[in-house]
Amino acid sequence: MMRHFPFCSPLLVLFAFTAVSVSAQQVVKKDIAGVSTFAQLESTIACGGSTKPEAIREIGNMGFKSVINLRLATEEGAMVEEEGAAVRAAGMNYVHLPFNAQSPDPQLIDNFIAAVTKPANTPAYVHCAAGGRAAALWMIKRVKADGWTVDRALVEANALGLNDRFRPFAMNYLATHP
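Everything quoted here is computed from the prediction, not taken from an experiment.

(A) Here's a closer look at the packing of helix α5 (residues 132–144) against helix α7 (residues 167–176). The contact between α5 and α7 brings their axes to 9 Å, and the two run at 25°. In terms of orientation, α5 and α7 fall into the roughly parallel class. In the packing of α5 onto α7, the handedness of the crossing is right-handed. In contact with Ala-136, Leu-137, Met-139, Ile-140, Val-143 and Lys-144 of α5, α7 contributes Phe-169, Ala-170, Met-171, Tyr-173 and Leu-174. By residue class, the composition of the contact of α5 with α7 is ten nonpolar, no polar and one charged.

Take a look at the structure:
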């Protein structure tokens, strides 16, 4: 004998819809003048590569509240000060977290997670020179702050621009910082 639970059906539909909407964020790649690579995760974040100050207004027009720059001031073409001024002029928050691949600051991960989760900075545009550092830090944030599995975070980070240079950094960090 089959029992019918009319209240269960709407609850199951609501649960299924919620589960799909939470996991269905898609990465969209766009061409933005002045940005070498641009991959956006719906309204949450975008990771990019080399970003010229003249591209900042368009980033702001897209609804981003902050720009998080991971480039070292000494990198060729970084223009850290000019970018910061352009970000502030566009009414967004500017966070500079230099990510030195040879000798990362021990507080880099904590500072990144704090910056990218701060409500005033969301959604955030995070960039470096090619997008690899940005995607690596986002992957670590997904595991450490959002409770994602490494495999799930890796798939998303790969879509955002994680590359062979920074994939080992992210994987090693997650393996050594449970």
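(B) A look at the state of the cysteines. Enumeration over the complete set of coordinates arrives at zero disulfides. No disulfide involves Cys-47; its sulfur sits 8.0 Å from that of Cys-128, the nearest cysteine. What makes Cys-47 buried here is its relative accessible area of 1%. Here Cys-128 falls in the buried class, since its relative accessible area comes to 2%.

The rules behind the values
- Residues numbered from 1 in each chain as written.
- Predicted model: local features only at pLDDT ≥ 70, side-chain atom pairs only at ≥ 80, totals over all residues.
- Heavy atoms only, no water.
- Axes fitted to C-alpha atoms, helices over the stretch in contact; angles between N-to-C directions.
- Helix = DSSP H or I, 4+ residues; strand = E, 2+ residues; numbered from the N terminus.
- Parallel < 35°, antiparallel > 145°, perpendicular 65-115°, else oblique.
- Left-handed = near helix turned anticlockwise from the far one by under 90°.
- Contact = heavy atoms within 4.5 Å.
- Nonpolar A, V, L, I, M, F, W, Y, C, P; charged D, E, K, R; others polar.
- Disulfide = S-S within 2.5 Å.
- Buried < 20%, exposed > 50% of the residue type's maximum accessible area, 1.4 Å probe, protein only.

Shape is all these values report; function is a separate question.
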